Amino acid sequence: MKVRELSIAGAWEFTPVLHGDDRGVFLEAFKADVLSDLIGHRFELAQVNTSVSAAGVLRGIHFADVPPGQAKYVTCSVGVILDVIVDIRVGSPTFGRWDAVLLDDVDRKAVYLSEGLGHGFCSLADGSTVTYLCSTGYNPTAEHGVNPLDPDLGIEWPTVGRDGTPLEYELSAKDVAAPSLAQAALDGLLPTFR
């Protein structure tokens, strides 16, 4: 498995070795020892989530209260997404910056993001299936968001899908109503960089 540190501290991209033949492909999608060596502790798996999205669906930017926060290991087993990680940690040298990785059913990459980072994605194909390994379970009172279209973040969301069709963004009512990064900071919702 090839590992690349992203430009946001606490986030990595994982590219597995694909073993393919006429029957299909085999790969190691997650290796606990590799991740533990990177993050300095064992990844505690508390919950596995799956979402299926149509082309143009934009989810995020989501994060959980720290502590405990919620670390995520994210893969896309069907379709393709642009996965985006945003540094929302007040006091971080990269506060407000983002990085992105294309996750798809071809290269089968994954990303890991530590507690305190924001996460979102845009689906580039109908039926894109995303699996999240989460370090903590869902806690609706501790979940927050930043509007993924916040112009101050300047996320360069894709404008065309995998098939070349123009994308029309679809967001949940919760994500549309989410505050800007600046407003979330003013409201005291954001984690602090440690």
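Residue numbers here run from 1 along each chain, matching the order of that chain's written sequence. Where local features are concerned, this predicted model is filtered to residues with pLDDT of at least 70; where side-chain atom pairs are given and counted, the filter is 80 or more; whole-chain, interface and lining totals use all residues. In computing side-chain values, all of the structure's heavy atoms are included and hydrogens and water are not.

Chemist: I tried to follow the UniProt feature "active site" (unreviewed entry) in the chain on my own but got confused; where do I start?
Modeler: UniProt positions are given in the numbering used here, feature names are shortened, and annotations may be inferred rather than shown by experiment. The sites that carry the UniProt feature "active site" (unreviewed entry) are, in the present numbering, His62 and Tyr132. Sequence-wise these annotated residues cover 71 residues; spatially they are packed, their C-alpha atoms never more than 12.7 Å apart. Annotated residues from the preceding list that form part of the lining of the largest pocket: these are His62 and Tyr132. Positionally, histidine 62 belongs in strand E6 (residues 58-64). Histidine 62 gets classed as partly exposed once you look at its relative accessible area, which sits at 24%. Contacts are assigned to residue pairs with any non-hydrogen atoms lying within 4.5 Å of each other. Ignoring anything within four residues of it in the chain, the contact list for histidine 62 reads Lys72, Leu117, Gly118, His119, His144, Gly145 and Asp175. Within the structure, histidine 62 has its side chain in polar contact with the backbone nitrogen of glycine 60 (distance 3.4 Å). Secondary structure counts use DSSP, requiring at least four H or I residues in a row for a helix and at least two E residues in a row for a strand, with both numbered from the N terminus. One can find tyrosine 132 in strand E12 (residues 128-134). With residues near it in sequence (within four places) discarded, tyrosine 132 still touches Gln47, Val48, Asn49, Thr50, Ser51, Arg59, Lys72, Tyr73, Val74, His119 and Phe121. Here a cavity is any set of points on a 1 Å grid over the protein atoms alone where a 1.4 Å probe fits but cannot get out, and a pocket is any open set with protein on both sides within 12 Å along at least 5 of 7 lines; a residue lines the site when it has an atom within 4 Å of a point. When accessible area is computed with a 1.4 Å probe and restricted to protein chains, residues below 20% of their type maximum are described as buried, those above 50% as exposed, and intermediate ones as partly exposed. A 3.5 Å cut-off defines polar contacts: any pair of N or O atoms within that distance qualifies, except that in protein one atom must be a possible hydrogen donor and the other a possible acceptor, and neighbouring residues in sequence count only when both atoms are side-chain atoms.

Chemist: How should the sheet that holds E6 be read in this particular structure?
Modeler: Hydrogen bonds along the backbone pair up the strands of a sheet, which may run parallel or antiparallel. Any two strands between which DSSP finds at least two bridges are classified as paired. Strand order in the open sheet made by the five strands is E9-E8-E11-E6-E13, with antiparallel pairing throughout. For this open sheet the edge positions go to strand E9 (98-104) and strand E13 (143-145), each flanked by a neighbour on one side alone. For this sheet, the mean angle separating the axes of adjacent strands, direction not counted, is 25°. Bridge analysis of strand E8 (residues 80-87) against E9 gives seven bridges, and the strand direction is antiparallel. When the bridges of E9 are listed, leucine 82 appears paired with leucine 102. Orientation is described by lines fitted to C-alpha atoms, with helices fitted over the stretch in contact, and by angles between N-to-C directions that extend from 0 to 180 degrees.

Chemist: Help me out: how do you make sense of the environment of valine 176 in this one?
Modeler: Note on placement: valine 176 falls in helix H2 (residues 173-177). Taking the C-alpha atoms as reference points, valine 176 and valine 146, 30 residues apart in sequence, are found 9.0 Å from one another. Setting aside residues no more than four positions away along its own chain, valine 176 makes contact with Asn147 and Leu171.

Chemist: Which parts of the structure should I look at to understand the layout of surface pockets?
Modeler: Any empty space left between atoms is shown by rolling a water-sized probe over those atoms. Grid points are joined across faces, edges and corners, and a volume is the space filled by probe spheres set on the points. In this structure, the largest pocket encloses a volume near 470 Å³. Lining the largest pocket are 24 residues; nearest its centre among them are Asn49, Arg59, His62, Lys72 and Tyr132. Of all the elements in the fold, those that place two or more residues in the lining of the largest pocket are strand E5 (47-53), E6, strand E11 (117-123), E12, E13 and H2. Gly is placed with the polar residues, together with every amino acid not listed as nonpolar (Ala, Val, Leu, Ile, Met, Phe, Trp, Tyr, Cys and Pro) or charged (Asp, Glu, Lys and Arg). Residue classes in the lining of the largest pocket are distributed as seven nonpolar, eleven polar and six charged. Taken together, the residues of the lining of the second largest pocket sort by class into four nonpolar, three polar and three charged.

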